[in-house]
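Observations on the three-dimensional arrangement
Listed below are the residues making up each chain.
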Amino acid sequence: MQMIEETADLSAYLAADEVIDHHHPLVRETAAGLAAGVADSYEYARAAFEFVRDTIPHSQDSGDLRVTWRASDVLEQGTGICYAKAHALAALLRAEDIPTALCYQKFEVLHGLVAVRFNGAWHRQDPRGNKPGVDAQFSLDGERLAFVTDPEFNELDYPVLYAAPHPVVLDVLKAAPDRPHLWRTLPTAL
């Protein structure tokens, strides 16, 4: 798939905002802890990916009713759905100056993931969290995502690399008082 940058300004994929708040002390502290044990940016990106994938449960899998959307809240509360986990990973990567985009897949509902830029190319990564039947891995040598789209079922990979969360996704997250409500209102398309 040919990915399309929302903007040619690479600094947009390093920016902090209300959602990807990599200036927040908890994000900075977490990033510093992860960076202390690695030799380079590639190893850091893998460590950050595995941290979000493995230590922050997907709220649907864990039964957690809380809805998080801001990266620092995901880290503080230790829960989130795919979008929220993608926001947390983007913040951790951007905190260490690794350009990171948000991207989406369409299944019955939208699924959120990230793309990281290494060696002049974008590489999608899915920090959703593994479980039986889901085995997402950090990879720059071919995608190892949680889910593969099937066009026969009208599933698709959106090619746009967003610098900030898509408003459709963010509005639904912010409006949800709990995960059951969120599940009823998840967006089905961008």
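The text that follows walks through the structure, step by step, so that each part is easy to find. (Residues numbered from 1 in each chain as written. Predicted model: local features only at pLDDT ≥ 70, side-chain atom pairs only at ≥ 80, totals over all residues. Heavy atoms only, no water.)

In this model helix 1 (residues 25-36) runs 16 Å from its N-terminal to its C-terminal C-alpha over 12 residues, within 8% of the 16 Å that 1.5 Å per residue would give. Turning to helix 1, its buried residues number three or more, namely Val27, Thr30, Ala31 and Leu34. Within helix 1, the buried residues cover an arc of 100° as seen down the axis, which keeps them to one side. Of the exposed residues in helix 1, the ones pointing more than 90 degrees away from its buried face are Pro25, Glu29, Gly33 and Ala36. (Helix = DSSP H or I, 4+ residues; strand = E, 2+ residues; numbered from the N terminus. Expected span 1.5 Å × (residues − 1). Buried < 20%, exposed > 50% of the residue type's maximum accessible area, 1.4 Å probe, protein only. Arc of directions from axis to C-beta.)

Time to look at the nonpolar core. In terms of nonpolar packing, the biggest core is built from 49 residues, with Tyr44, Tyr83, Leu92, Leu93, Leu102, Leu173 and Leu182 touching the most fellow members. Of all the secondary structure elements, the ones that give two or more residues to this core are helix 1, helix 2 (41-55), helix 4 (71-77), helix 5 (82-95), strand 2 (100-106), strand 3 (110-118) and helix 6 (167-175). Ranked by residues supplied to this core, first place goes to helix 5 with 11 residues. Contact partners of leucine 102, with chain neighbours within four places excluded, come to Ile20, Ala86, His87, Ala90, Leu113, Val114, Val160, Leu161, Tyr162, Ala164 and Pro165. In this structure, Met3, Ala101, Ala115 and Leu145 belong to the second largest nonpolar core, which totals 11 residues. (Core = buried A, V, L, I, M, F, W, Y, C linked by side-chain atoms within 4.5 Å. Contact = heavy atoms within 4.5 Å.)

A separate point is the packing of aromatic side chains. One pass over the structure, following the stated rule, counts 7 aromatic pairs. Joined through ring pairs, the aromatic side chains of Tyr42, Phe49, Phe118 and Phe138 make up one cluster. Positioned above the aromatic ring of tryptophan 69 is the side chain of lysine 174, whose terminal nitrogen or guanidinium carbon lies 4.9 Å from the ring centre. (Phe/Tyr/Trp six-rings, centres within 6.5 Å; stacked < 30°, edge-to-face > 60°. Lys NZ or Arg CZ within 6 Å of the ring centre and 35° of its normal.)

Taken as a whole, the largest pocket encloses approximately 330 Å³ of empty space. Along the walls of the largest pocket sit 18 residues, with Val109, Leu110, His111, Phe147 and Trp183 positioned nearest its centre. Secondary structure elements with two or more residues in the lining of the largest pocket: helix 3 (59-62), helix 5 and strand 3. In the lining of the largest pocket, the residues fall into 10 nonpolar, 3 polar and 5 charged. (1 Å grid on protein atoms, 1.4 Å probe; cavity = no way out; pocket = protein on both sides within 12 Å on 5 of 7 lines; lining within 4 Å. Points joined across faces, edges and corners; volume = space filled by probe spheres on them. Nonpolar A, V, L, I, M, F, W, Y, C, P; charged D, E, K, R; others polar.)

Function cannot be read off these values alone, since they describe shape.
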